[in-house]
Amino acid sequence: MSFWALFLIALGVSADAFAVALGKGLHMRRFAVRRAVVIAVVFGLFQAVMPLLGWLLGTTFAGAIEDYDHWVAFGLLALVGGKMLWEAFSRHEDTDEDTDRLRIRELSVLAIATSIDALAVGITLAFLPVSIGWAVLLIGITTAVLSFVGVAVGRRVGARFGKPAEIAGGVVLILIGVQIVLEHTGVLG
């Protein structure tokens with residue numbers, strides 16, 4: 001798998017964390033670098049650990065499904081991408097109150113919720129020729145950077161970019177799934 005395909009996957013799975021970070025920034029009374037760094041590190045860490053767990057799970061079953069692993073990869077990426085699209089179009093209006101308090105428990109729950117998709121992507125990575133260490137590092141760093149940017153942008157311009165980011169992330173994951181199927185079936189060389 002090329003660096004760019006892996007980077008697009010990292011961007012795709014980071015979209016949820018970016019959208020949540022935008023929301024956290026939107027509800028800060030003032031921007032604080034320390035809070036933005038904590039949010040970025042927590043989201044990046046969870047987004048890095050979940051694909052590793054998914055990869056471990058996927059490699060356990062890789063031999064049993066190697067004849068149709070490209071369909072499994074496509075199905076998981078399409079499911080995750082479709083879920084992101086569904087959530088982007090079905091979200092309700094935001095009612096959170098503005099605060100400068102950062103609750104680690106709440107942040108951890110949000111990090112887990114936004115990284116479940118990365119677990120499914122990790123299962124997909126088990127069926128692809130990719131270095132899992134490199135993939136985990138790239139996903140974690142990409143998520144941390146985008147989360148930090150999300151907090152900063154959210155504080156400055158509001159929630160305008162959350163929905164488009166989630167839509168773009170969902171579409172990218174679906175397209176990568178289609179590419180995997182087309183490559184494994186010989187349509188793309």
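Values in this document were obtained by computation on a predicted structure and should not be read as measured data.

Reading the values: the criteria
Residues numbered from 1 in each chain as written. Predicted model: local features only at pLDDT ≥ 70, side-chain atom pairs only at ≥ 80, totals over all residues. Heavy atoms only, no water. Helix = DSSP H or I, 4+ residues; strand = E, 2+ residues; numbered from the N terminus. Buried < 20%, exposed > 50% of the residue type's maximum accessible area, 1.4 Å probe, protein only. Contact = heavy atoms within 4.5 Å. Areas by Shrake-Rupley, 256 points an atom, 1.4 Å probe, with all protein chains shown as cover. Salt bridge = Lys/Arg side-chain N within 4 Å of Asp/Glu carboxyl O. Polar contact = N/O pair within 3.5 Å; in protein donor to acceptor, adjacent residues only side chain to side chain. Phe/Tyr/Trp six-rings, centres within 6.5 Å; stacked < 30°, edge-to-face > 60°. Axes fitted to C-alpha atoms, helices over the stretch in contact; angles between N-to-C directions. Left-handed = near helix turned anticlockwise from the far one by under 90°. Nonpolar A, V, L, I, M, F, W, Y, C, P; charged D, E, K, R; others polar. Patch = residues over 30% accessible without salt bridge, like charges linked within 9 Å, V, L, I, M, F, W, Y side chains within 5 Å.

Counting its regular elements, the protein chain contains 6 helices and 0 strands. Shown N-terminal to C-terminal, the secondary structure of the protein chain runs as helices and strands in the order α-α-α-α-α-α. Among the 189 residues that make up the protein chain, the fraction classed as buried is 46%. At a minimum sequence separation of 6, the contacts of the protein chain that also span at least 24 residues come to 94%. Just so you have it, the protein chain exposes about 9,600 Å², and 68% of that area is on carbon and sulfur atoms.

Take the pattern of salt bridges next. In this structure the tally under the stated criterion is 1 salt bridge. The salt bridge involving Glu106 is made with Lys24; its shortest N-O contact spans 3.3 Å. A residue pair is termed long-range when its members are at least 10 positions apart, and Glu106 in helix H4 (residues 104-125) and Lys24 in helix H1 (residues 3-26) qualify at 82 residues. Glu106 gets classed as partly exposed once you look at its relative accessible area, which sits at 31%.

It is worth spelling out the side chain of Thr114 at this point. Residue position: Thr114 is located in helix H4. On the basis of relative accessibility, which here comes to 5%, the residue Thr114 falls in the buried class. Separated by 3.2 Å, the side chain of Thr114 and the backbone oxygen of Ala111 make a polar contact. Among residues more than four places away in sequence, those in contact with Thr114 are Val13, Asp16, Ala17, Val20 and Gln47.

Next up on the list: the packing of aromatic side chains. Applying the stated criterion to the full structure yields 6 aromatic pairs. For the pair Phe3 and Trp4, a centre-to-centre distance of 4.9 Å together with 80° between the ring planes defines the contact as edge-to-face. The interplanar angle of 85° and the centroid separation of 6.0 Å between the aromatic rings of Trp4 and Phe7 together place this pair among those described as edge-to-face. A residue pair is termed a helical-turn pair when its members lie 3 or 4 positions apart in one helix, as Trp4 and Phe7 do in helix H1 at 3 residues.

This part takes up the packing of helix H2 (residues 33-61) against H4. Packing of H2 against H4 leaves a shortest axis separation of 6 Å and a crossing angle of 35°. Helix-helix and strand crossings are classified by hand; for H2 and H4 the assignment is right-handed. Considering only residue class, the contact of H2 with H4 consists of 20 nonpolar, 7 polar and no charged.

With respect to the element layout, Ser147 can be found in helix H5 (residues 132-157). The exposure class of Ser147 is buried, given its relative accessible area of 0%. Apart from the residues within four sequence positions on either side, Ser147 is in contact with Ala17, Ala21, Ala40 and Phe43.

Residues Phe3, Trp4, Trp134, Leu137, Ile141, Val145 and Val149 make up a contiguous nonpolar surface patch of about 700 Å² in total accessible area. Elements with a contribution of two residues or more to the nonpolar patch: H1 and H5. Sort the elements by how many residues they give to the nonpolar patch and H5 lands first, with 5 residues. Tracing the chain through its elements places Ile141 in helix H5. You can call Ile141 partly exposed: its relative accessible area is 48%.

Take the environment of Ser90 next. With respect to the secondary-structure elements, Ser90 resides in helix H3 (residues 69-90). Here the side chain of Ser90 touches Trp86 through a polar contact of 2.8 Å, landing on its backbone oxygen.

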